[in-house]
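Architecture and fold: a report
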Amino acid sequence: MLKVTVQDNAIAFGNNFALNFQRTLRIPDDGQIYPLPPGLGTFPICRVEDYRDTVPISWLNHGGVFIPMYQREALWISFKYDYWQPHAVKVGVGNINVVSGLAWHPKLAQQEADYLVAPPQPWLDGINAGDEYIKQFVAMPLGWGHTVEGQITGKEEFGGIQIVVYEPKPGKFAQSKINSNNIDFMDMELERSEGAMGIAAGGKMRQKIYADVYGIDTWNEHNYGLVHVHIVNSMLYRQITGLEPPKTPVMAQTYAHNQLPWFSLYDEIMSDIPTSSALSSISSIREIDAQKQAEIQQNDDSVDISDANIIELPMQNPTTNKDS
């Protein structure tokens with residue numbers, strides 16, 4: 001098993017791969033396809049083990065970590081890696097694979113694309129819902145029917161984010177250099193708790209999920225690390241930690257009005273995996289609100305973005321810009 005550690009608001013898998021969760025703008029859910037929003041700082045990542053006396057009792061049997069999010073707040077996942085050693089990464093939301101739209105399973109699928117490879121994938125902002133675009137990861141309470149999990153399964157039981165990372169087989173690429181301490185995050189059989197959140201679909205964003213150019217036989221099925229990330233609302237976060245969550249991030253409209261930068265990745269040479277038929281039919285938060293004739297609770301006014309405010313990032317080490 002890969003060793004999994006938590007340090008400086010990042011989760012490390014083994015010696016040469018890590019990820020964090022970036023706070024960001026919730027782009028307008030208006031049908032347009034937007035460029036990449038910036039990173040506005042990392043979400044704090046807390047280990048369940050460090051709050052044994054205050055976390056929901058059901059979490060203690062499963063471990064993992066938790067992050068605080070506000071209702072209708074967005075995030076993206078930033079991958080940190082050495083360019084000489086790719087890893088295969090699977091991501092689930094509410095036990096639904098965000099690439100394939102199928103039920104979560106930690107093993108890599110032989111027949112259908114259900115994972116990404118980093119590098120070259122520098123980040124992931126949402127679910128695989130369209131041709132060279134994704135629908136943004138946005139937090140919503142469980143039980144309201146907005147989440148990807150709820151729409152596909154008809155139930156909202158798990159919530160959170162599930163991640164498994166596989167190292168390549170020995171000899172495929174350069175080998176790891178250092179050792180790290182182990183933290184186990186293994187069991188995925190979770191129970192819903194009051195204040196738990198899941199991931200729903202937000203607005204559309206231009207982003208490819210790259211096909212695996214190495215082949216599934218590259219990855220070591222016996223050497224992986226697995227983690228469940230609980231998402232809690234601000235009230236539950238305060239109850240567990242005694243700390244204040246980060247303040248609500250700036251709105252996209254305010255950001256664009258001040259002519260601050262957006263991003264585009266120069267990746268025309270990279271192929272995109274096929275769109276998931278299950279995920280392409282997922283309704284966005286705004287669409288579900290309209291179906292329920294619910295009171296509008298978010299600002300989805302379109303924003304005009306000048307080409308002069310879009311920074312084009314190179315494929316080589318783009319992560320030094322978008323999340324800085």
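Residues numbered from 1 in each chain as written. Predicted model: local features only at pLDDT ≥ 70, side-chain atom pairs only at ≥ 80, totals over all residues. Heavy atoms only, no water.

A few words on the overall build of the protein. The helix and strand inventory of the protein stands at six helices and 18 strands. Taking 2.2 N^0.38 as the reference for a compact globule, 324 residues should give roughly 20 Å; the C-alpha atoms of the protein span a radius of gyration of 19 Å, in line with that estimate. With the principal axes as the frame, the protein shows a C-alpha extent of 55 × 50 × 35 Å. Looking at the protein as a whole, 57% of its 324 residues qualify as buried. Surface exposure of the protein reaches about 14,200 Å², of which carbon and sulfur atoms provide 47%. The centroid of the 23 positive side-chain charges in the protein is displaced by 2 Å from the centroid of its 38 negative side-chain charges. (Helix = DSSP H or I, 4+ residues; strand = E, 2+ residues; numbered from the N terminus. Rg over C-alpha atoms; globule rule 2.2 N^0.38 Å. Buried < 20%, exposed > 50% of the residue type's maximum accessible area, 1.4 Å probe, protein only. Areas by Shrake-Rupley, 256 points an atom, 1.4 Å probe, with all protein chains shown as cover. Lys, Arg positive; Asp, Glu negative; His and termini not counted. Charge placed at Lys NZ, Arg CZ, Asp CG, Glu CD.)

Moving on to the pairing of strand 1 (residues 4–7). As judged from the four bridges shared by strand 1 and strand 2 (residues 10–13), these two strands associate in the antiparallel manner. Note that in strand 2 the partner of Val6 across the bridge is Ile11. Counted between consecutive antiparallel strands, the loop separating strand 1 from strand 2 contains two residues, among which Asp8 sits at a positive phi close to 55 degrees. (Pairing = 2+ DSSP bridges.)

What follows deals with the pattern of salt bridges. A complete count under the given rule lists eight salt bridges for this structure. Taking the shortest distance from any N to any O, the salt bridge between Arg23 and Glu73 comes out at 3.1 Å. With Arg23 in strand 3 (residues 17–23) and Glu73 in the loop between strand 6 (65–68) and strand 7 (74–81), this pair connects stretches of sequence that are 50 residues apart. When the shortest N-O distance is used, the salt bridge between Lys155 and Glu157 registers 3.7 Å. According to the relative accessible area criterion, Lys155 is partly exposed, its value standing at 46%. (Salt bridge = Lys/Arg side-chain N within 4 Å of Asp/Glu carboxyl O.)

Ile11, Phe13, Phe21, Phe79 and Ile161 are the most contacted members of the largest nonpolar core, which totals 62 residues. Among the nonpolar cores identified, the runner-up in size contains 11 residues, and Trp104, Leu108, Val117 and Tyr166 belong to it. (Core = buried A, V, L, I, M, F, W, Y, C linked by side-chain atoms within 4.5 Å.)

A separate point is the side chain of Asp267. With respect to the helices and strands, Asp267 occurs in the loop between strand 17 (262–265) and helix 4 (277–280). Here Asp267 is buried and forms no salt bridge, its nearest opposite-charge partner Lys208 lying at an N-O distance of 4.2 Å. Engagement of the side chain of Asp267 in a polar contact is seen with the side chain of Tyr210, the distance being 2.7 Å. Excluding its chain neighbours within four sequence positions, the residues that come into contact with Asp267 are Lys208, Tyr210 and Met315. (Polar contact = N/O pair within 3.5 Å; in protein donor to acceptor, adjacent residues only side chain to side chain. Contact = heavy atoms within 4.5 Å.)

Applying the stated rule across the entire model yields 12 aromatic pairs. Taking 5.9 Å as the distance between ring centres and 75 degrees as the angle between the ring planes, the aromatic pair formed by Trp76 and Trp123 counts as edge-to-face. Here Trp76 is found in strand 7, whereas its partner Trp123 is found in strand 11 (residues 123–124), with 47 residues between them in sequence. With relative accessibility at 0%, the residue Trp76 sits in the buried group. Taking the relative accessible area as the measure of exposure, Trp123 reaches 1% and is therefore buried. (Phe/Tyr/Trp six-rings, centres within 6.5 Å; stacked < 30°, edge-to-face > 60°.)

Moving on, we get to the layout of surface pockets. Looking at the largest pocket, its volume works out to about 340 Å³. Lining the largest pocket we find 20 residues, and of these Arg206, Gln207, Ser264, Leu265 and Asp267 sit closest to its centre. Residue assignment for the lining of the largest pocket shows that the elements contributing at least two residues are strand 4 (33–34), strand 17 and strand 18 (310–313). Broken down by element, the lining of the largest pocket gets its largest block of residues, three residues, from strand 17. Of the residues contributing to the lining of the largest pocket, the split by class is 11 nonpolar, three polar and six charged. Volume-wise, the second largest pocket comes out at about 220 Å³. Residue lining of the second largest pocket: 17 residues in total, with Arg26, Arg72, Thr248, Pro249 and Met251 positioned closest to the centre. Here the lining of the second largest pocket is composed, by residue class, of seven nonpolar, seven polar and three charged. (1 Å grid on protein atoms, 1.4 Å probe; cavity = no way out; pocket = protein on both sides within 12 Å on 5 of 7 lines; lining within 4 Å. Points joined across faces, edges and corners; volume = space filled by probe spheres on them. Nonpolar A, V, L, I, M, F, W, Y, C, P; charged D, E, K, R; others polar.)

On to unusual backbone geometry, then. Of note, the amide linkage connecting Ala118 to Pro119 takes the cis form, showing an omega dihedral of -10 degrees. Positionally, Pro119 belongs in the loop between strand 10 (116–118) and strand 11. With a phi close to 70 degrees, Arg72 is a non-glycine residue in the positive phi region. Looking at the secondary structure, you find Arg72 in the loop between strand 6 and strand 7. A positive phi is found at Gln259, a non-glycine position, where the angle reads about 55 degrees. On the secondary structure map, Gln259 appears in the loop between helix 3 (252–257) and strand 17.

This brings us to the confidence of the model for the protein. Confidence in the prediction of the protein, expressed as mean pLDDT, is 90, and 92% of residues score 70 or more. Confidence drops under pLDDT 50 across residues 176–192; counting only partners more than four residues distant or on other chains, this segment forms 57 contacts. (pLDDT = per-residue confidence, 0-100.)

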